[in-house]
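Overview (structure and organization)
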Amino acid sequence: MQSTISYLKYGISLGNSLDAIGGENAWGNLPVSRPVIRAIADAGIKTVRLPVTWHLHMKEIPDYEIHPQWMSRVKEVVQWILDEGMNVILNSHHDQCWQHPTLESVPEVLPRYTALWRQIAQVFAGQDDRLVFQGLNEPRLEFGENETEGGTKSVRQAINVLNHAFVSTVRATGGNNTDRWLIVPTYFAQYTRVVLEDMAVPRDPHVAVSVHCYDPHVFTFERTGEESTPFFDDRAGEALRQLFCTLDEYAERWQAPFILTEFGAVKKRMPDGVTTNDGERAKFVAAMRREADKRGIPCIWWDNNYRESRNDSFCIINRDTLQVECPMIVEALTRESYNNSVFG
């Protein structure tokens, strides 16, 4: 088993497919095919994060059995990724509707949550360390108090309970799961101090902590009526500097590694109104990779295959044409090594 999680290196999330609510093609993407996976591998990607939403494919009490057809479909896609020589991060993605993280609701949530991960772990117990499990995506109490700004202490403590239950459940299934790399998220995958101070990382040599980075929003998103820039400017550089300074502090304190299971920036138009800002986004990726590489932190770009959605165009590998959509960004993401810090 790999001693550090840095072997995952860099990759993309296969977003808005097996995680789509209502079916694999419910959010506008075709079902994932073997040629899609081959195209991703041909682009130089090392790791594919496979977001999966499970609750629509599970029975109710007492066993919470995952529908065999759905498990077979997930197994099929996982195997395609492995067969193409890539690593896989398999998670539970849009399942917040029942994963209510409060201390009051945890006793009700835990039986279903542990049943989910017990079944997944048992199915994949024989798979080698190229497969990694991520217990939760962006856990929070939807529509709850202070949802986007760290939640409440009760919610953060409940997420700790779920994270520990995930690790102990997977470990108990044996096989290669006894030391498989597992990923646990912070509250909402945020890295603010209020979130990190209440994080209780399971004591396990093969557990990593996941955060997401879409900062600063003025660069990574484009929302009507809000300030926006297509340029990777000093503000964006400062946001990355703050990110890695924070991760350094808590990685040392916890003696646990981090992984960026999502980062990205939507496509925007440059001031001429015609040219896209792919070059600026490539600078963002290069800066992220350079600093992450120094610390052995894998970086996973969020790719939802959307190309013309004003505030959601994260596609860099086109699953419809099987071609690289944004060559500059893919080159920056898949460059084998970055030797010098942009902040040095």
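Relevant structure appears above.
Here the structure is a predicted model, which means the values were calculated and not measured.

1. Topic: the overall build of the protein chain
- For the protein chain, the helix and strand inventory stands at nine helices and 10 strands.
- Taken over the C-alpha trace, the protein chain has a radius of gyration of 19 Å; the compact-globule value for 344 residues is 20 Å, and the two agree within 12%.
- Along the first, second and third principal axes, the C-alpha set of the protein chain runs to 60 × 45 × 40 Å.
- The buried share among the 344 residues of the protein chain stands at 59%.
- A sequence separation of at least 24 residues applies to 74% of the contacts in the protein chain between residues at least 6 apart.
- When the accessible surface of the protein chain is summed, it comes to about 13,800 Å², and 50% of that surface belongs to carbon and sulfur atoms.
- Averaging the coordinates of the 35 positive side-chain charges in the protein chain and doing the same for the 46 negative ones gives two points 3 Å apart.

2. What about the packing of helix α3 (residues 106–123) against helix α4 (residues 153–172)?
- Their axes nearest at 9 Å, the elements α3 and α4 cross at an angle of 30 degrees. One element, α3, and the other, α4, form an angle in the roughly parallel class. Helix-helix and strand crossings are classified by hand; for α3 and α4 the assignment is right-handed. Contacts from Val106, Val109, Leu110, Tyr113, Thr114, Trp117, Arg118 and Ala121 in α3 reach Ala158, Val161, Leu162, Ala165, Phe166, Thr169 and Val170 in α4.
- Broken down by class, the residue content of the contact of α3 with α4 amounts to 12 nonpolar, two polar and one charged.

3. Observations concerning the pairing of strand β6 (residues 207–213)
- Taking burial as the measure, the seven residues of β6 include seven buried ones, the bulk of the element.
- Of the two faces of β6, the one carrying Val207, Val209, Val211 and Cys213 and the one carrying Ala208, Ser210 and His212 are both buried.
- Taken together, the five bridges between β6 and strand β7 (residues 258–263) define a ladder with parallel strand orientation. Along β7, the bridge assignment pairs His212 with Glu262.

4. Brief notes about the sheet that holds strand β2 (residues 47–50)
- Strand order in this closed barrel of eight strands is β1-β2-β3-β4-β5-β6-β7-β8, and the pairing throughout is parallel. Taken pair by pair, the neighbouring strands of this sheet meet at an average axis angle of 25 degrees, ignoring direction.
- Sheet analysis places strand β3 (residues 87–91) next to strand β4 (residues 131–134), joined by four bridges and oriented parallel. Each bridged residue has a counterpart across the sheet, and for Leu90 the counterpart in β4 is Phe133.
- Sheet strands touched by α3: β3 and β4. Its angle to β4, the strand with the most contacts, is close to 180 degrees.
- Strand contacts of helix α7 (residues 234–254): β6 and β7, with the helix running at about 145 degrees to β7, the strand carrying the most contacts.

5. Quick word on the side chain of Asn304
- Position of Asn304 relative to the elements: it lies in the loop between β8 (299–303) and β9 (317–318).
- The contacts of Asn304, once residues within four sequence positions are left out, are Gly15, Asn16, Asn29, Asp312, Phe314, Cys315 and Arg319.

6. Brief notes about the pattern of salt bridges
- What the rule picks out here adds up to 30 salt bridges.
- Asp204 is the partner of Arg171 in a salt bridge, and the nearest nitrogen-oxygen pair spans 2.9 Å. Within this pair, whereas Arg171 is found in helix α4, its partner Asp204 is found in the loop between α5 (193–197) and β6, the two being separated by 33 residues in sequence. The burial state of Arg171 is the same as that of Asp204; both residues are buried.
- Put simply, Glu138, Arg140, Glu142 and Glu147 are held in one network by salt bridges that share partners.

7. Some points on the state of the cysteines
- Scanning all chains against the criterion turns up zero disulfides.
- Free of any disulfide, Cys213 has its nearest neighbouring cysteine sulfur in Cys299, separated by 9.3 Å.
- No disulfide involves Cys245; its sulfur sits 13 Å from the nearest other cysteine sulfur, which is in Cys213.
- A relative accessible area of 48% places Cys245 in the partly exposed class.

8. Digging into the environment of Ser210
- The topology assignment puts Ser210 in strand β6.
- Looking at Ser210, the relative accessible area reads 0%, which means it is buried.
- When the C-alpha positions of Ser210 and Gln99 are compared, they lie 18 Å apart, and in sequence the two are 111 residues distant.
- Here the side chain of Ser210 touches Gln134 through a polar contact of 3.5 Å, side chain to side chain.

About the thresholds
Residues numbered from 1 in each chain as written. Predicted model: local features only at pLDDT ≥ 70, side-chain atom pairs only at ≥ 80, totals over all residues. Heavy atoms only, no water. Helix = DSSP H or I, 4+ residues; strand = E, 2+ residues; numbered from the N terminus. Rg over C-alpha atoms; globule rule 2.2 N^0.38 Å. Buried < 20%, exposed > 50% of the residue type's maximum accessible area, 1.4 Å probe, protein only. Contact = heavy atoms within 4.5 Å. Areas by Shrake-Rupley, 256 points an atom, 1.4 Å probe, with all protein chains shown as cover. Lys, Arg positive; Asp, Glu negative; His and termini not counted. Charge placed at Lys NZ, Arg CZ, Asp CG, Glu CD. Axes fitted to C-alpha atoms, helices over the stretch in contact; angles between N-to-C directions. Parallel < 35°, antiparallel > 145°, perpendicular 65-115°, else oblique. Left-handed = near helix turned anticlockwise from the far one by under 90°. Nonpolar A, V, L, I, M, F, W, Y, C, P; charged D, E, K, R; others polar. Pairing = 2+ DSSP bridges. Salt bridge = Lys/Arg side-chain N within 4 Å of Asp/Glu carboxyl O. Disulfide = S-S within 2.5 Å. Polar contact = N/O pair within 3.5 Å; in protein donor to acceptor, adjacent residues only side chain to side chain.

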